[in-house]
Amino acid sequence: MDTIKARKLVSIFKFLLISCLCSSFFWGDKKFKVLIENGEEPQMRGLPNLDSSSKFDGDYFRIVEGRDENPISFKNENDALVLKAATVYYHFEIARKFFKDNFESDFINVHPKITIRIDIKNKFNKLTHFEPDWPDRSDDEVYNQAYTIPGTKEDGVHDIMIGEENELGEVIKPWDPETWYHPMKVEQVPVQFDVNTQAVAQVFGIFKDRTHDITFKQFLMVIVSPGSISENFEYIMRTPLIQSAIAESAYQGLHTYVALFRQTADYYVDAAMIPEVSYHEYVHHVLSDYLPTETRNPVVEGFANYFAARILGSKELGHNSDYSNAREKHADREIFYERKLELENNSHLDFVMTLLWDIRETLIASGKTSKEVDQLIFDSRKMLDAESNIEVDLTAALINTCQKVDYCDEADQVLMLTAFSYRGLY
């Protein structure tokens, strides 16, 4: 009898063990088609840390569609949506693992679960979460973007509207930190030229006025000069007057020349299908203990680009593919400091990313490890805030952080100053 009971217990134990193993295989590591690299074909990959056996809901991330609060089902009939959800989840997990494995930060461990919204068209409103879905207001829809927003607990200003109704009578509920991916749409956008059209107009105006002045003075000279008036007028008609007419015509036609610098072109970005965009947005969450997620200045964006490149393992971000024709970013671009780089509308440029990569390569060449340099750059965020600039605040934060750690000495500070100088700082 005891032998029979023992056999039954062994059988039950085996069943439970197999069930656990199967559960782990088919649940926690369930495989999906995922876009591994921008421009490549999707591949099958397991998604770690899933809490659900049927939806994209995990320990650290949940993926929803638009304004919906329910995670996207694995069996959703929209295959493109499932591919986006799996791709975003996969790359957010890669980014989280990178920071867990390489940095000392308690904030990563206590950060609330992140809600990731796919194909949301609404604008974000700091007080009400979503801009209302106004009927027949397609102009308010947002496309070709991704950005990260703070939760209501991270900024008390949001709390004043919780429980109230928005303009369409929808009750405003609290929300955790989120990342929004707006859908792709081919739009016409201005082509960016590095030309100051106002300065061009000013130069043309000065040229026109000076030419007219010269012509008028030569006309007066005809009146008072000895000799044949007919010969003098013939000269005026032959040379100065023609120059004056050309200058006037050029100035009057200036709008035609300026239009050359105001051309438009097709623009599209399916941000959810670009891995480095997911890395960039996750970095905003990680930096948010010191740098608010809604901040979009060149320093904050440069940090997010630098660490996105580190996670990707490449100096290049966002090369063109079927999912994007946006301008690529390069950490080795020949770009040098100008005051205009401090402007918020230039936060998309490569300068800060390039500068931080210069620091990385300079210090590694002097004997520092990759992990030490990344930790130094990561820790420098503690001396920055939403108002920090490049020329003073970022350079000082890097030098001061170097002074505080035992693996960075005065010689390294000199190397950093040299790197700043090369890029036109100091």
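Definitions and limits used
- Residues numbered from 1 in each chain as written.
- Predicted model: local features only at pLDDT ≥ 70, side-chain atom pairs only at ≥ 80, totals over all residues.
- Heavy atoms only, no water.
- Salt bridge = Lys/Arg side-chain N within 4 Å of Asp/Glu carboxyl O.
- Helix = DSSP H or I, 4+ residues; strand = E, 2+ residues; numbered from the N terminus.
- Buried < 20%, exposed > 50% of the residue type's maximum accessible area, 1.4 Å probe, protein only.
- Contact = heavy atoms within 4.5 Å.
- Expected span 1.5 Å × (residues − 1).
- Arc of directions from axis to C-beta.

Re the pattern of salt bridges
And step 1. The tally for this structure, following the rule as stated, stands at 20 salt bridges.
And step 2. Between Asp57 and Lys113 there is a salt bridge, and its shortest N-O distance comes to 2.9 Å. With Asp57 in the loop between β2 (43–46) and β3 (61–65) and Lys113 in the loop between α3 (106–110) and β4 (114–118), the pair connects residues that are 56 residues apart, well separated along the chain.
And step 3. Overall, Lys113 belongs to the partly exposed group, its relative accessible area being 28%.
And step 4. Here Glu178 ties to Arg117 by a salt bridge, and the two come within 3.0 Å at their closest N and O atoms.

With respect to helix α11 (residues 370–379)
And step 1. Among the ten residues of α11, seven are classified as buried, and the element is accordingly described as predominantly covered.
And step 2. At its buried positions, α11 is contacted by α2 (79–102), α8 (275–287), α9 (298–312), α10 (351–365), α12 (390–404) and α13 (410–422).

Here we look at the side chain of Ser380
And step 1. Turning to its location among the elements, Ser380 is positioned in the loop between α11 and α12.
And step 2. Those residues in contact with Ser380, other than ones at most four positions away along the chain, are Phe303, Ala397, Leu398 and Thr401.

Some details on unusual backbone geometry
And step 1. The phi dihedral of Asn49 falls on the positive side, at around 65 degrees, and the residue is not glycine.
And step 2. Backbone geometry places Asn144, a non-glycine residue, at a positive phi of 60 degrees.
And step 3. On the secondary structure map, Asn144 appears in the loop between β6 (129–130) and β7 (146–149).
And step 4. Take Asn144: its relative accessible area is 5%, and that puts it in the buried class.

Let's talk about α13
And step 1. An ideal rise of 1.5 Å per residue puts 18 Å on 13 residues; α13 measures up with 19 Å between its terminal C-alpha atoms.
And step 2. Taken together, the buried positions of α13 are Asp412, Gln413, Met416, Ala419 and Phe420. The buried residues of α13 occupy one face: seen down the axis, they fall within an arc of 115 degrees. Opposite the buried face of α13, by more than 90 degrees, sit the exposed residues Glu410 and Val414.

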